[in-house]
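Listed below are the residues making up each chain.
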Amino acid sequence: MAAHRRRSEPVGPEAVETRSLHALGSSVTIVSEMPTLSPLGIVGVGQIARMTQQAALKLGIQPRLLVEGLDDSAAQAAADRVIAHPDAVAGLVEECGVVTVEHERVDIGLLQALEDAGHCIRPGIKTIRAAFDKIHQRRILLNRSLPVPVFAELNSADDLIDFATVFGWPVVIKSVRAGAAADRNVWIVESRAEGLRVMSEQAGRPLMAENFQPIVTELVVILARRPGGNIRVYPVVESIQKDGQRHVMRSPASVGREIANEARAMASSIAEHLDAVGVLAVEFFLTNDGLIVNEIAARPHNAGHMFIEGSPTSQFENHVRAVLDLPLGPTWATHSAIVTRNVIGGIDRVDPAQNLADALAVEGVSVHLYGKMAAPGRKLGHVTAVGDDLDQVDEMAMRAEAALLGRRPSW
Ligand code: ADP
């Protein structure tokens with residue numbers, strides 16, 4: 001862990017460590033710089049941390065990353081990185097003015113202790129606790145009379161049977177906390193046997209049950225909030241899942257203005273209540289009975305990638321601005337149609353980087369690759385197309401996605 005240093009102390013090139021070595025009878029003096037205080041620390045390994053870092057660099061801010069391996073998507077792009085277990089955040093906070101957290105595998109108790117000790121962790125522990133723990137999150141939303149699925153903790157097989165007896169099958173089983181990136185967190189089970197099998201396979205992970213929602217479509221609201229409450233909300237994104245994974249994101253969403261405004265208002269009120277700082281994403285199900293809040297993520301979100309090209313300020317830049325308490329940038333859509341498609345690895349393990357030229361030949365599509373090893377179901381990149389017509393833009397994005405995966409477009 002780094003030497004304890006308060007954020008207000010001046011540190012920089014003048015902080016020099018001098019050590020003497022006695023080699024072959026001669027005295028050699030090694031002069032090495034102590035790590036300088038970085039304005040921004042990022043705990044994260046994936047594409048979210050990678051793109052947040054790129055947004056910080058655009059503003060001339062060199063963040064320090066806490067990554068777990070040299071091959072991590074975020075590590076590949078980081079000039080200033082510490083490779084360690086996420087618990088090394090205790091050291092990172094000593095070296096950074098502000099620390100923001102990309103993934104959910106950080107110990108909340110540790111973050112709480114660091115915040116209590118006066119370190120600046122954003123979005124803040126109240127928000128992190130709500131985002132990391134789905135049961136706690138649901139209770140907060142219920143207390144605010146926001147619509148959420150019916151839910152219950154699953155501590156035993158009896159809990160599952162009791163839940164299904166009242167609410168029927170299918171039952172949605174969820175992990176209360178997200179696992180590693182490759183871990184599955186949601187199972188829609190149709191029967192007692194299937195549910196008990198999931199529970200035994202996931203033994204050791206806290207689980208919850210939720211009633212199945214007849215979803216018409218899924219919406220995501222992304223917003224950025226500064227300390228003190230200034231909020232900017234992006235246009236509502238419609239999210240289309242494939243094989244249980246987010247695949248296509250479209251804006252504008254195919255919902256009326258009233259629903260879109262209601263979703264944006266609910267997301268803003270959640271951010272206010274949690275006193276969130278940074279980007280907050282609120283996922284909704286739209287059912288025939290209206291909006292249901294599915295989940296809160298306290299970081300830039302997959303559905304917001306489209307605003308790199310589709311808005312004057314990307315969600316990543318606004319996250320950096322918000323956590324550093326800098327003025328937020330505008331969040332309106334710069335085009336009347338924006339589509340992002342995730343590039344998800346198939347069983348053939350095709351590496352999209354091999355097909356980059358073919359994808360770039362699809363004019364007007366912006367290609368983002370995350371530098372990850374291809375594996376089935378893994379998000380390897382995304383493509384975004386902008387324009388005037390949603391179907392046309394979607395077709396362009398689909399062609400680039402298919403090119404990257406070495407496939408023919410599937411229309
Ligand atoms: P994750 O955090 O792994 O993305 P989510 O809670 O967002 O998990 O669920 C993933 C997907 O599973 C959702 O986008 C939705 O399509 C489906 N899903 C989740 N909960 C329910 C539910 N209660 N009813 C119906 N489908 C659900």
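Our structure's up above, just so we're on the same page.
All values reported here derive from a predicted model rather than from experimental measurement. Residue numbers here run from 1 along each chain, matching the order of that chain's written sequence. The predicted origin of the model limits local features to residues at a pLDDT of at least 70 and limits the giving and counting of side-chain atom pairs to 80 or more, whereas totals for whole chains, interfaces and linings rest on all residues. In computing side-chain values, all of the structure's heavy atoms are included and hydrogens and water are not.

*Asks:* Give me unusual backbone geometry: which residues, what numbers.
*Replies:* Here the residue pair Trp169 and Pro170 is connected by a cis peptide bond, since its omega of -5° sits within 30 degrees of zero. Topologically, Pro170 is positioned in the loop between helix H7 (157-167) and strand S9 (171-175). Even without being glycine, Ser145 reaches a positive phi, approximately 60°. Only protein chains enter the calculation, and the probe is 1.4 Å; a residue is then buried if its accessible area is under 20% of its type maximum, exposed if over 50%, and partly exposed in between. Residue classification places Ser145 among the exposed positions, given a relative accessible area of 64%. Unlike most non-glycine residues, Arg349 shows phi in positive territory, near 55°. Each helix corresponds to a stretch of at least 4 residues labelled H or I by DSSP, and each strand to a stretch of at least 2 residues labelled E; elements are numbered beginning at the N terminus.

*Asks:* Account for the sheet that holds strand S11 (residues 207-211), naming residues and giving values.
*Replies:* Pairing between strands is defined by DSSP: at least two bridges between the two strands are required. Pairing is antiparallel in the open sheet, where 4 strands are placed in the order S8-S11-S9-S10. For this open sheet the edge positions go to strand S8 (151-154) and strand S10 (186-189), each flanked by a neighbour on one side alone. Each neighbouring strand pair of the sheet contributes to a mean axis angle of 25°, computed without reference to strand direction. Pairing of S9 with S11, which is carried by 5 bridges, proceeds in the antiparallel orientation. From the neighbouring strand, Ser175 faces S11, where its bridge partner is Leu207. To get an axis, a line is fitted to the C-alpha atoms, and for a helix only the part in contact is used. The angle between two axes follows their N-to-C directions and goes from 0 to 180 degrees.

*Asks:* How would you summarise the packing of helix H4 (residues 108-116) against helix H5 (residues 125-132) if you had to cite specific residues and measurements?
*Replies:* Packed helix pairs are characterised by how far apart their axes lie and by the angle those axes make with each other. For the pair H4 and H5, the least separation of the axes is 10 Å and the interaxial angle reads 170°. Judged by the angle between their axes, H4 and H5 are roughly antiparallel. Across the interface between the two elements, Ile108, Leu111, Gln112 and Glu115 from H4 touch Ile125, Ile128, Arg129 and Phe132 from H5. Classes in brief: Ala, Val, Leu, Ile, Met, Phe, Trp, Tyr, Cys and Pro nonpolar; Asp, Glu, Lys and Arg charged; the others, Gly included, polar. Across the contact of H4 with H5, the residue classes tally to 5 nonpolar, 1 polar and 2 charged. Roughly parallel means an angle under 35 degrees; roughly antiparallel, over 145; roughly perpendicular, 65 to 115; everything else is oblique. Whether two residues are in contact is decided by their heavy atoms, any of which lying within 4.5 Å being enough.

*Asks:* Can you tell me about the pattern of salt bridges, naming the residues and giving the values?
*Replies:* Any Lys or Arg side-chain nitrogen found within 4 Å of a carboxyl oxygen on Asp or Glu counts as a salt bridge. Applying the stated criterion across every chain, the model contains 19 salt bridges. Arg225 is the partner of Glu272 in a salt bridge, and the nearest nitrogen-oxygen pair spans 3.4 Å. Of the two residues, Glu272 sits in helix H9 (residues 257-274) while Arg225 sits in strand S12 (residues 217-225), which places them 47 residues apart along the sequence. Note on Glu272: relative accessible area 42%, which makes it partly exposed. Notably, a salt bridge pairs Arg246 with Glu283, separated by 3.1 Å at the nearest N-O pair. Remark: Glu283 occurs in strand S16 (residues 278-287) and Arg246 occurs in strand S15 (residues 245-251); sequence separation between them is 37 residues. Overlapping salt bridges bring together Arg250, Arg341, Asp391, Asp394 and Glu401 as one network.

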